[in-house]
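This is what each chain is made of:
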Amino acid sequence: MTTASGTALALDLAGTFAFALNGALTAVRAVRLDIVGVVVLGMITALGGGILRDVLLGALPPATFSDWRYLVVAGGGGLVAFVLARQLERLAMPITVFDALGLSLFAVTGAGKALALGAGVGQSILLGTITAVGGGTLRDVLVRRVPTVLSSELYAIPAAVGAALVVVPARLGVGGPVWVFVGAGVCLAIRLVGVRFRIDAPHPPGSAAPEDRPPGQTLGQD
Amino acid sequence: MTTASGTALALDLAGTFAFALNGALTAVRAVRLDIVGVVVLGMITALGGGILRDVLLGALPPATFSDWRYLVVAGGGGLVAFVLARQLERLAMPITVFDALGLSLFAVTGAGKALALGAGVGQSILLGTITAVGGGTLRDVLVRRVPTVLSSELYAIPAAVGAALVVVPARLGVGGPVWVFVGAGVCLAIRLVGVRFRIDAPHPPGSAAPEDRPPGQTLGQD
Amino acid sequence: MTTASGTALALDLAGTFAFALNGALTAVRAVRLDIVGVVVLGMITALGGGILRDVLLGALPPATFSDWRYLVVAGGGGLVAFVLARQLERLAMPITVFDALGLSLFAVTGAGKALALGAGVGQSILLGTITAVGGGTLRDVLVRRVPTVLSSELYAIPAAVGAALVVVPARLGVGGPVWVFVGAGVCLAIRLVGVRFRIDAPHPPGSAAPEDRPPGQTLGQD
């Protein structure tokens, strides 16, 4: 692994917390669920990416499931978001920021775990990307939105860049914990710039925008 | 395991049959699918929870897949529901009752299997809950409804209570087959009371009810 | 296995390519996604069935994930479809044909792999069917359509027939590579005839057609 286990675990738990807040706030704001639905959606968003990663690596049972700390952080994040929903919504576009934080942290920790378990360069980058986008994709499917990974140009791309910034240096023999922070930081920056300026790739001519992304809701729903 | 294997298998197959009826009737009534769609949705509803459980436990291939009896019961349940759809609909809210039966039985058998494979107390309760709500969640996603586990307060909660009534006595050294029936019964009672009186947690003020649960359809669609 | 490994791999990669084209064209035409969404949906459609198969077999990590060739073919197919979308659309109903090709090839290769790993007759046929319909089902869920496997009579059935034409001869001791081509050919023929003549099973009386399959869009959306 390109980073000390302690650092990787801390970042993984931080990403879990960010995605739990994001999923729970999505439930509060976009779908208007009650407390059980809020916590459940927060936990699925927070744990889904890591479970997909571990299933694809054959590392079963998944760490995010067998390790109590992930469950506590995911459930706690959902509860915090339910209790503080009104305050969190006063912050500038918190849903999108929490999602971007989880995306960035899971991209680097997912790639690092894949490397540690012996996956190749390409597979490790792909696994980091899947870890990053997996939880949000489950969230979007469950609340019946076209997943962000399909509708937004700059969602899978920054995750792959972040994962590559962990994997490639490690393979070149110059890896180290610093690349985890570089990868997460670059991923976060690209994602937030994309969200802020609503950068999307051109759609085929004559096509309408996807139905679930009306103008003005992009920031809040991504 | 807190119960003899024979009892656990019988209850697991009974839950599989109940969920197969529920999924198939959902296909007949709510989505108006033809016979293939009816049987497929019945089988996915019946087998989905057990497959999720076994993937999360790393017990692959899943028992519900490698054991013929589950496949026969699931497929047979779907066919029975297709043939007897009209008669079954004359009963009082059969879809909801079959769903509640499957929920209750899978909560206790899922928790029992997790315990038997060495999972901890918290994980076993969570796995029982996932086993119970998993098939219905796949069903709802496939027919494009917000999953009941998100939209109904009393769906994950009774499943967790039922699972806990198996797991906690076993850990305290007073486990036994009787707790399987107590757990399933308590889960079923809570769920049916919730459905009957339409108990839902308060939603955030100013919010509309979820769009797919118009008044009057709650019983039939949960 | 009932066929030489080389043949099975070639057919598996051909099916992967066909599903990648199908998924990517679905993204271009039906949902109007940009290039990232197009390639991602193509890859999920192409790799989803094989991943489900390998998870259910406990053959982890999945071959479609650990073997570079699948990833390159899936990603390449998605890119080809994006670049040539206009030309491909001029062909007669290309989306449906690519889907039928992938369905047929995955039915026989999925069944063959299940047999090779020791699964029984029934399980191998079911696994071939799941491999065949899995990627398209994920595709439909992600773009929010009722899955074809539920809404079309002749989707799971031809896949099961194709898989059975590989599995049954092998168990009778008369298996061989020829059955792979027979199975895939029969599956393809049934599926295309069903699509061409819009053969669907009768729906229950008084029911409306599923909302997402308006007349005239059947060919393009299946």
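Residues numbered from 1 in each chain as written. Chains lettered and ligands numbered in written order. Predicted model: local features only at pLDDT ≥ 70, side-chain atom pairs only at ≥ 80, totals over all residues.

## Details of the overall build of chain A
Moving on, step 1. Helix and strand counts for chain A come out as 11 helices and zero strands.
Moving on, step 2. In chain A, the succession of α and β elements from N to C terminus is α-α-α-α-α-α-α-α-α-α-α.
Moving on, step 3. Counting only residues that meet the buried cut, chain A has 60% of its 222 residues in that class.
Moving on, step 4. When contacts within chain A are restricted to residue pairs at least 6 apart in sequence, long-range pairs at least 24 apart make up 74% of them. (Helix = DSSP H or I, 4+ residues; strand = E, 2+ residues; numbered from the N terminus. Buried ≥ 20, exposed ≤ 12 C-beta atoms within 10 Å, placed from the backbone. Contact = placed C-beta atoms within 7 Å.)

## A word on the interface of chain A and chain C
Moving on, step 1. On the side of chain C, 22 residues touch chain A, which itself brings 25 residues to the contact.
Moving on, step 2. Contributing elements (two or more residues each) for the side of chain A that touches chain C: helix H2 (35-57), helix H7 (121-142), helix H8 (148-151) and helix H9 (153-171) of chain A.
Moving on, step 3. Looking at the side of chain A that touches chain C, the element that brings in the most residues is H7 of chain A, giving four residues.
Moving on, step 4. Broken down by class, the residue content of the side of chain A that touches chain C amounts to 16 nonpolar, six polar and three charged. (Nonpolar A, V, L, I, M, F, W, Y, C, P; charged D, E, K, R; others polar.)

## A word on the interface of chain B and chain A
Moving on, step 1. Counting from both sides, the interface comprises 25 residues of chain B and, opposite them, 22 residues of chain A.
Moving on, step 2. Only helix H2 (35-57), helix H7 (121-142), helix H8 (148-151) and helix H9 (153-171) of chain B provide two or more residues apiece to the side of chain B that touches chain A.
Moving on, step 3. Looking at which element gives the most residues to the side of chain B that touches chain A, the answer is H7 of chain B, with four residues.
Moving on, step 4. For the side of chain B that touches chain A, the class distribution of residues is 16 nonpolar, six polar and three charged.

## A closer look at the relation of the copies chain B and chain A
What relates the two chain copies is a rotation about an axis together with a slide along it.
Moving on, step 1. At an RMSD of 0.0 Å, chain B and chain A line up after a rotation of 120° and a shift of 0.0 Å along the axis. What the superposition gives is, in effect, a three-fold axis relating one chain to the other. (Least-squares fit on C-alpha atoms with pLDDT ≥ 70 in both.)

## Section: helix H1 (residues 5-31) of chain C
Residues spaced three or four apart along an α-helix face the same direction, because each turn holds 3.6 residues.
Moving on, step 1. When the terminal C-alpha atoms of H1 of chain C are compared, their 37 Å separation across 27 residues agrees well with the 39 Å that a helix rising 1.5 Å per residue should span.
Moving on, step 2. One or two residues past the end of H1 of chain C sits Arg32 of chain C, with phi positive at roughly 60°. (Expected span 1.5 Å × (residues − 1).)

## Here's the deal with the nonpolar core
Moving on, step 1. Ranked by internal contacts, the top residues of the largest apolar core, which has 238 residues, are Ala24 of chain A, Ala24 of chain B together with Ala24 of chain C.
Moving on, step 2. If sequence neighbours within four positions are ignored, Ala24 of chain A has contacts with Val38, Val39, Leu41, Gly42, Gly77, Gly78, Ala81 and Phe82 of chain A. (Core = buried A, V, L, I, M, F, W, Y, C linked by C-beta atoms within 7 Å.)

## Overview of the relation of the copies chain A and chain C
Moving on, step 1. Of the transformation superimposing chain A on chain C, the axial component is 0.0 Å and the angular component is 120°, with the fit at an RMSD of 0.0 Å.
Moving on, step 2. Counting the interface residues of chain A, we find that no more than 12% of their copies in chain C are interface residues as well, pointing to two distinct contact surfaces.

## With respect to the environment of Pro61 of chain A
Moving on, step 1. The residue Pro61 of chain A is located in the loop between H2 and helix H3 (63-66) in this model.
Moving on, step 2. Each C-alpha atom, one on Pro61 of chain A and one on Pro147 of chain A, is 26 Å from the other, the two residues being 86 residues apart in sequence.
Moving on, step 3. With sequence-adjacent residues up to four places away left out, Pro61 of chain A is seen in contact with Ser66 of chain A together with Leu56, Leu57 and Gly58 of chain B.

## Digging into the packing of helix H6 (residues 94-116) of chain B against H7 of chain B
All names here are of chain B.
Moving on, step 1. Remark: H6 packs on H7, axes separated minimally by 7 Å, with the N-to-C direction vectors making an angle of 145°. The two elements H6 and H7 meet at a crossing, and its hand is right-handed. Contacts between H6 and H7 pair Asp99, Gly102, Leu103, Phe106, Ala107, Val108, Gly110, Ala111, Ala114 and Leu115 from the former with Gln123, Ser124, Ile125, Leu127, Gly128, Thr129, Thr131, Ala132, Gly135 and Gly136 from the latter.
Moving on, step 2. Tallied by class, residues from the contact of H6 with H7 come to 10 nonpolar, nine polar and one charged. (Axes fitted to C-alpha atoms, helices over the stretch in contact; angles between N-to-C directions. Left-handed = near helix turned anticlockwise from the far one by under 90°.)

## Notes on the confidence of the model for chain A
Residues and elements named next belong to chain A.
Moving on, step 1. Here chain A averages 85 in pLDDT, and 86% of its residues register 70 or above.
Moving on, step 2. Across residues 201-222, confidence stays below pLDDT 50; counting only partners more than four residues off in sequence or on other chains, it has 32 contacts.
Moving on, step 3. On the interface metric, ipTM, the complex scores 0.83, and its pTM is 0.86. (pLDDT = per-residue confidence, 0-100.)

## Some remarks on helix H9 (residues 153-171) of chain C
Residue and element names in this part refer to chain C.
Moving on, step 1. Across its 19 residues, H9 extends 28 Å between first and last C-alpha, which sits within 8% of the 27 Å expected from 1.5 Å per residue.
Moving on, step 2. At Ala164, H9 is deflected by roughly 25°, the largest bend along its length.
Moving on, step 3. For H9, the buried fraction is high: 14 of the 19 residues fall into the buried class. (Bend = angle between axes of the 7 residues up to and from the residue.)

## Considerations on unusual backbone geometry
Moving on, step 1. In this chain, Leu60 of chain B is followed by Pro61 of chain B through a cis amide linkage whose omega measures -5°.
Moving on, step 2. Of note in this structure, Arg144 of chain C is not a glycine but carries a positive phi near 65°.
Moving on, step 3. Positionally, Arg144 of chain C belongs in the loop between helix H7 (121-142) and helix H8 (148-151).
Moving on, step 4. You can call Arg144 of chain C partly exposed: it has 19 C-beta atoms within 10 Å.

## A closer look at the environment of Pro177 of chain A
Residue and element names in this part refer to chain A.
Moving on, step 1. Within the fold, Pro177 resides in helix H10 (residues 177-196).
Moving on, step 2. Owing to 17 C-beta atoms within 10 Å, Pro177 belongs among the partly exposed residues under this scheme.
Moving on, step 3. In this structure the C-alpha to C-alpha distance between Pro177 and Val166, which are 11 residues apart in sequence, comes to 8.7 Å.

## Focus on the environment of Ala74 of chain A
Residues and elements named next belong to chain A.
Moving on, step 1. Here Ala74 is to be found in helix H4 (residues 68-83).
Moving on, step 2. Judged by the 28 C-beta atoms lying within 10 Å of it, Ala74 falls in the buried class.
Moving on, step 3. Put simply, Ala74 and Gly15 are 59 residues apart on the chain and 9.6 Å apart in space, counted from C-alpha to C-alpha.
Moving on, step 4. Those residues in contact with Ala74 that sit more than four places away from it in its chain are Thr16, Ala20, Gly42, Met43, Ala46 and Leu47.

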